[in-house]
Amino acid sequence: MDAQIWQLLESVSDPEIPVISVVDMGIIQGVAVSADGTVQVSMTPTFAGCPALEMMQADIRAALEGAGYERVQIDVVLNPPWTSERISTEGRRKLKEFGLAPPPPMQGGVDGAMLLFLDAIGCPFCDSTNTRLESPFGPTLCRAIYYCNNCHQPFELFKPL
Amino acid sequence: MNQVALIDLLFRLADDELLVGHRNSEWTGVAPIIEEDIAFSSMAQDEMGHALAYYTILHERLGQAPPDQLAFLREPHEFRNAALTALPRRDWSETIVRQFLYDAAEHVRLECYAQHPFEPLAHVARKIHGEEKYHFLHARTWMTRLAQTDESRQRMQVAIGILWPHALGMFETGQSEQDAPFDEASIMEAWLALITPILVEAGYQVPSSTAIYSRYAAPTPDRIELLAAMQKVYRIDPNAEW
């Protein structure tokens, strides 16, 4: 039964990046079915202030109820915190295909973050690392804006967290 | 740590975030360049999310009212923010300096609270520390950038002078002082150790002025004005369904 639930969750996409599922994003921490048949899903936000959280909860509920699960309980948990390491390999591939550079591994620490941004991020369009940070903030909380000096395209990076 | 002290601490954290987040949002549409419009709007959204996380702990674990009521129905004298977070949007230099001083304080504070014995606080601290990193990176970049010409460096120095006593005021002792390393004196020491080299390297003077404490004093006119604007719509009909 758990496997079927995971499969259903695979069909729920991230509202801000529709090509990727909530499972590939790593925001589902676990699923369980209790004795009375209640499906319990625990999920965790990427960024604490993510405005898509409620929409994702509604989408998850709709997907499960649509498949016949009548009792659905969704818990939002903050521990362990979401990190960009939770995005699956498949998820990273889809991010790139979508034109969003996948997050590089996070070293931690402010200086670590500084170095990362100075370090060349691979352009999702031409793979060149001759790129520069334009702004650590972008159109959604989880994105930063870069520019590729090679193919002269602006692009976005999914921020490492 | 007793319950009264925990409630006091959580209100300080939440109210600082909510008010500075509101001030950040006032740059939406009018920041000097579009990247900063986006940056301040994003930071506003982050800070609101963090305030919500703290208010949720207050509600679910410490017996306080639901988050929306805490944000929109409390009176100015019930807020525990430091005056720094409510200062109005004035010169760009003051905005950047406030951001730098505040984000640095949050950075060291969250690093410390990640080990806090009150688990819900430790979990939230670990969660949002990673997000705040980007705020600090942003402010730090601007501090260095605006030290490049004499005019901008002088204007920044004036802003540092105006804000310094309020920045020190962030570290006012709470209703019941916490044990080291969670006490305000230790956190302030870590904050100074983080920002002093950055200020000096950029060519700024570190002021010698002393703290203005404001968390428990009569509400500042800035706080009153901010809350009147922020709470206005909610208070028209507190039972409205959004």
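Residues numbered from 1 in each chain as written. Chains lettered and ligands numbered in written order. Predicted model: local features only at pLDDT ≥ 70, side-chain atom pairs only at ≥ 80, totals over all residues. Heavy atoms only, no water.

**Some thoughts on the packing of helix 1 (residues 3-25) of chain B against helix 5 (residues 92-113) of chain B**
Residues and elements named next belong to chain B. Here helix 1 crosses helix 5 at 150 degrees, and the two axes come no closer than 13 Å. Considering the relative orientation of helix 1 and helix 5, their crossing is left-handed. For the pair formed by helix 1 and helix 5, the contact residues are Leu9, Leu13, Asp16, Glu17, Val20, Arg23 and Asn24 on the first element and Arg98, Gln99, Tyr102, Glu106, Arg109 and Tyr113 on the second. Residues belonging to the contact of helix 1 with helix 5 are distributed by class as follows: five nonpolar, two polar and six charged. (Axes fitted to C-alpha atoms, helices over the stretch in contact; angles between N-to-C directions. Helix = DSSP H or I, 4+ residues; strand = E, 2+ residues; numbered from the N terminus. Left-handed = near helix turned anticlockwise from the far one by under 90°. Contact = heavy atoms within 4.5 Å. Nonpolar A, V, L, I, M, F, W, Y, C, P; charged D, E, K, R; others polar.)

**Side note on the state of the cysteines**
Scanning the entire structure with this criterion turns up zero disulfides over all chains. Among the cysteines around A:Cys50, which has no disulfide bond, A:Cys142 carries the closest sulfur, lying 6.7 Å off. (Disulfide = S-S within 2.5 Å.)

**Side note on the environment of B:Ile33**
Residue and element names in this part refer to chain B. Within the fold, Ile33 resides in the loop between helix 1 and helix 2 (34-62). By relative accessible area, which is 39% here, Ile33 ends up partly exposed. When the C-alpha positions of Ile33 and Gly174 are compared, they lie 39 Å apart, and in sequence the two are 141 residues distant. (Buried < 20%, exposed > 50% of the residue type's maximum accessible area, 1.4 Å probe, protein only.)

**Some remarks on the confidence of the model for chain A**
The pLDDT averaged across chain A works out to 89; a share of 91% of its residues lies at or above 70. The lowest-confidence element of chain A is helix 4 (residues 110-118) of chain A, averaging 54 in pLDDT; the highest-confidence one is strand 4 (residues 39-43) of chain A, averaging 96. (pLDDT = per-residue confidence, 0-100.)

**A short note on the domain arrangement of chain A**
All names here are of chain A. Each domain of chain A was delimited in the assignment, giving domain 1 (2-82) and domain 2 (89-158). For domain 1 and domain 2, the distance between their C-alpha centroids amounts to 27 Å. Taken together, the 11 residues of domain 1 in the interface contact 11 residues of domain 2. Overall, the association of domain 1 and domain 2 removes approximately 950 Å² of surface from exposure, summing both partners, and the carbon and sulfur fraction of that is 76%. Taken together, the links from domain 1 to domain 2 amount to one salt bridge. (Domains from an automatic or database assignment. Buried area = accessible area lost by both parts, 1.4 Å probe. Salt bridge = Lys/Arg side-chain N within 4 Å of Asp/Glu carboxyl O.)

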